[in-house]
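# Structural overview for review
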Amino acid sequence: MAIPFISTYAQEDPGEAVLSYGLGFLDVPYVPHTLDGEVKEDLVVNCDEMDCTTFVEYTLAMALSPTEDGQVAEGDFANNVQRIRYRDGRIDGYASRLHYITDWAENGIRNGFLEDITEKKSPYTQKVTVNYMSTHPEQYWKLADSPEDMRKIKKIENELSKKEIHYIPEDKLPVNGLPWIKNGDIIAITTNIPGLDIAHMGIAFYVDGKLGLLHASSTEKKVTVSRIALSQMLKNNDKWTGIRVLRLKK
Ligand code: 2YP
């Protein structure tokens, strides 16, 4: 069944809408693996517990689902979560979920609700090499239990591993951000962890002129605004190498 795409925003600027809905989740507990509870893959909407990815998904889905009076329409919200989380909005088993953020971002761009800002603005590129899921099945029980899904995930990994993405290397990101990174942009942190493309994600938020990150933090155990600048977060973590910037489309 085709899912209707809701293309109006609660506010004129989608970035400001993303930021204000994201801030609405402040202090929600950080809980990973909330989508992996059931054997049968189905849509999970749990706004009481989130990890970095589900936080961004719920926030974007809210910004995509306003009613006339500026409230969020529940049915549209669930449809939009599905469009963001599953390949072309269709749930067809575990492998239809967009596990790698390279795949997740491409789906959003292909379906017209995301823009790749780093592709337009940053000349630095890197080759995608992903095999983390197939080489760490113990971290993904639904995969470990299904040879068929394992085959599908390996095929997806091979396709993604032909791609190249644009990013901003960590040493090219100033404390004060860049003029073309806006409040409400999606920040995906690139990594040197073998076989993984992105290791963390969140939402751009300028505080006192410094570019910070609004995110579901595994160390703070909740949705929070980083106390230090994003550039410093990258420097403090030797597995993080830079950022991709994506934007909800007008
Ligand atoms: C994703 O992980 C999962 C999805 O399976 C899951 O692990 C992978 C490759 N994908 O549907 C989704 C929602 O739960 O999460 C995320 C994970 O984020 C960490 C744990 C965080 O909360 O900071 C996305 O991929 C974003 O960065 C990576 C990271 N995965 C690993 O570190 C293995």
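Preceding this paragraph is the structure being described.
Let me begin by describing the structure that accompanies this report. (Residues numbered from 1 in each chain as written. Predicted model: local features only at pLDDT ≥ 70, side-chain atom pairs only at ≥ 80, totals over all residues. Heavy atoms only, no water.)

### A look at the pairing of strand β9 (residues 240-248)
Among the nine residues in β9, seven count as buried, and that is most of the element. Across three bridges, strand β1 (residues 114-116) lies against β9 in antiparallel orientation. Looking across to β9, one finds that Glu115 is bridged to Arg247. Where strand β5 (residues 186-191) and β9 come together, six bridges link them in antiparallel fashion. Residue pairing for β9: Ala188 is matched across the bridge by Arg244. (Buried < 20%, exposed > 50% of the residue type's maximum accessible area, 1.4 Å probe, protein only. Helix = DSSP H or I, 4+ residues; strand = E, 2+ residues; numbered from the N terminus. Pairing = 2+ DSSP bridges.)

### Topic: the layout of surface pockets
One water molecule sets the probe size; rolling that probe over the atoms shows where empty space is left. As a volume, the largest pocket reaches approximately 1100 Å³. Lining of the largest pocket is provided by 42 residues; of these, Tyr30, Asp51, Cys52, Thr53 and Ala199 occupy positions nearest its centre. Of all the secondary-structure elements, those providing two or more residues to the lining of the largest pocket are α2 (52-63), α6 (132-135), β6 (198-207) and β7 (210-217). Partitioned by chemical class, the residues of the lining of the largest pocket number 19 nonpolar, 14 polar and nine charged. Taken as a whole, the second largest pocket encloses approximately 220 Å³ of empty space. (1 Å grid on protein atoms, 1.4 Å probe; cavity = no way out; pocket = protein on both sides within 12 Å on 5 of 7 lines; lining within 4 Å. Points joined across faces, edges and corners; volume = space filled by probe spheres on them. Nonpolar A, V, L, I, M, F, W, Y, C, P; charged D, E, K, R; others polar.)

### So, the nonpolar core
Of all hydrophobic cores here, the largest spans 38 residues; its most connected members are Phe25, Phe55, Val56, Leu60, Trp104 and Val223. Looking at this core, the elements that each hand over two or more residues are α1 (14-23), α2, α3 (74-85), α4 (101-110), β5, β6, β7 and β9. Sorting elements by how many residues they give to this core places α2 first, with eight residues. Excluding residues that lie within four positions of it along the chain, Leu60 makes contacts with Val18, Ile84, Trp104, Leu114, Ile186 and Leu248. Counting 17 residues, the second largest nonpolar core, distinct from the first, contains Leu178, Trp180, Ile187 and Met233. (Core = buried A, V, L, I, M, F, W, Y, C linked by side-chain atoms within 4.5 Å. Contact = heavy atoms within 4.5 Å.)

### A closer look at the site of the ligand
In the vicinity of the ligand, 16 residues are found, and the nearest of them are Tyr30, Asp51, His99, Tyr140 and His200. Residue His200 places a side-chain N or O atom 2.8 Å away from an oxygen atom belonging to the ligand. Burial of the ligand by the protein chains amounts to 85% of its free accessible area of 650 Å². The cavity where the ligand resides is the largest pocket. Mapped onto the shell around the ligand, the elements with two or more residues apiece are α2, α6 and β6. When its residues are assigned to classes, the shell around the ligand shows 10 nonpolar, four polar and two charged. (Near = heavy atom within 4 Å. Polar contact = N/O pair within 3.5 Å; in protein donor to acceptor, adjacent residues only side chain to side chain. Areas by Shrake-Rupley, 256 points an atom, 1.4 Å probe, with all protein chains shown as cover. Sits in = over half its atoms within 2 Å of the grid points.)

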